[in-house]
Amino acid sequence: MAVQHLRLDGDPVLREAAAPVVQFDASLTALIADLFATMYAAKGRGLAAPQVGVSQRVFVIDTTWKDAAPHPVAFVNPEIIAAASVLRQGPEGCLSIPDRTFNVLRPVWVDLGWTSPAGIGQTARFDGISAVCVCHELDHLNGVLITDSGTEI
Ligand code: NI
């Protein structure tokens, strides 16, 4: 597990549509370990593979570790199955856009489907900060940044 160099806004890899993962192998395990190490080192709550220069559909989140017990979750090939029609605007930062904050509109909940690192299909509903976090990270897999839809504050 190694802390990786964070790619910053302006790096073309952040604007690519990331490719689906097809092999659940040791390189995927290593990528996920690196994502967690890099996220915790940078004091973030989420990190997507393109942010370490890997254009694959993988992201990790841990929305609780700063305030309570850690709850790391890794998502492979995530897809939104359903989303609330009610949107809420809230402040977001991004490790690839340091020292800037944007107000972004997000659905108040999303139902997400994904594959676990072990290759098992998962679904769950996310709300609150977790909904914000998974939507933000999923945007990264589609080349979308908070500078696109957000308002800087
Ligand atoms: Ni980000």
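The structure reproduced in this document is the subject of the present report. (Residues numbered from 1 in each chain as written. Predicted model: local features only at pLDDT ≥ 70, side-chain atom pairs only at ≥ 80, totals over all residues. Heavy atoms only, no water.)

## A short note on the overall build of the protein
If you tally the helices and strands in the protein, you get three helices and eight strands. Counting helices and strands in the order they occur from the N terminus, the protein gives α-β-β-β-β-β-β-β-α-α-β. For 153 residues, the compact-globule estimate of 2.2 N^0.38 gives 15 Å, and the protein sits close to it at 14 Å. Relative to its full complement of 153 residues, the protein shows a buried share of 45%. Long-range pairs, those at least 24 residues apart, make up 63% of the contacts in the protein between residues at least 6 apart in sequence. Here the protein has roughly 7,500 Å² of accessible surface; of this, 55% comes from carbon and sulfur atoms. One way to put it: in the protein the 10 positive side-chain charges average out to a point 4 Å from where the 16 negative ones average out. (Helix = DSSP H or I, 4+ residues; strand = E, 2+ residues; numbered from the N terminus. Rg over C-alpha atoms; globule rule 2.2 N^0.38 Å. Buried < 20%, exposed > 50% of the residue type's maximum accessible area, 1.4 Å probe, protein only. Contact = heavy atoms within 4.5 Å. Areas by Shrake-Rupley, 256 points an atom, 1.4 Å probe, with all protein chains shown as cover. Lys, Arg positive; Asp, Glu negative; His and termini not counted. Charge placed at Lys NZ, Arg CZ, Asp CG, Glu CD.)

## A few points about unusual backbone geometry
Of note in this structure, Asn77 is not a glycine but carries a positive phi near 50°. Relative to the elements of secondary structure, Asn77 occurs in strand S3 (residues 73–83). Its identity is not glycine, yet Asp99 carries a phi of approximately 65°, on the positive side. Locating Asp99 in the fold gives a position in strand S5 (residues 97–107).

## A word on the coordination of the nickel ion
Protein ligation of the nickel ion involves Cys94 (SG), His136 (NE2) and His140 (NE2), the donor distances falling in the range 2.1 to 2.3 Å. Read in sequence order, the donor residues for the nickel ion give the motif C-x41-H-x3-H. Taken together, the residues span a long stretch of sequence, with Cys94 in strand S4 (residues 87–94) and His136 in helix H2 (residues 128–141) at a distance of 42 residues. In terms of burial, Cys94 and His136 fall into one category: buried. (Donors = N, O, S within 2.8 Å, 3.2 Å for Na, K, Ca; no water.)

## Description of H2
In this model H2 runs 21 Å from its N-terminal to its C-terminal C-alpha over 14 residues, within 8% of the 20 Å that 1.5 Å per residue would give. For H2, the buried fraction is high: 10 of the 14 residues fall into the buried class. Listing the buried residues of H2 in full gives Ser130, Ala131, Cys133, Val134, Cys135, His136, Glu137, Leu138, His140 and Leu141. (Expected span 1.5 Å × (residues − 1).)

## Regarding the packing of aromatic side chains
Under the counting rule described, the total for this entry stands at six aromatic pairs. For the ring pair Phe36 and Tyr40, a centre distance of 6.1 Å and an interplane angle of 20° mean the geometry is stacked. Here the residue Phe36 and the residue Tyr40 both occupy positions in helix H1 (residues 26–41), the gap between them amounting to four residues, near one helical turn. The buried category is assigned to Phe36, whose relative accessible area is 13%. Tyr40 sits in the partly exposed class, given a relative accessible area of 26%. (Phe/Tyr/Trp six-rings, centres within 6.5 Å; stacked < 30°, edge-to-face > 60°.)

## Some thoughts on the environment of Pro20
Note on placement: Pro20 falls in the segment before H1. For Pro20, a relative accessible area of 54% corresponds to the exposed category. Considering only alpha carbons, one finds Pro20 and Ala74, 54 residues apart in sequence, at a separation of 14 Å. Dropping the residues within four chain positions of it, Pro20 is found in contact with Arg57 and Asn77.

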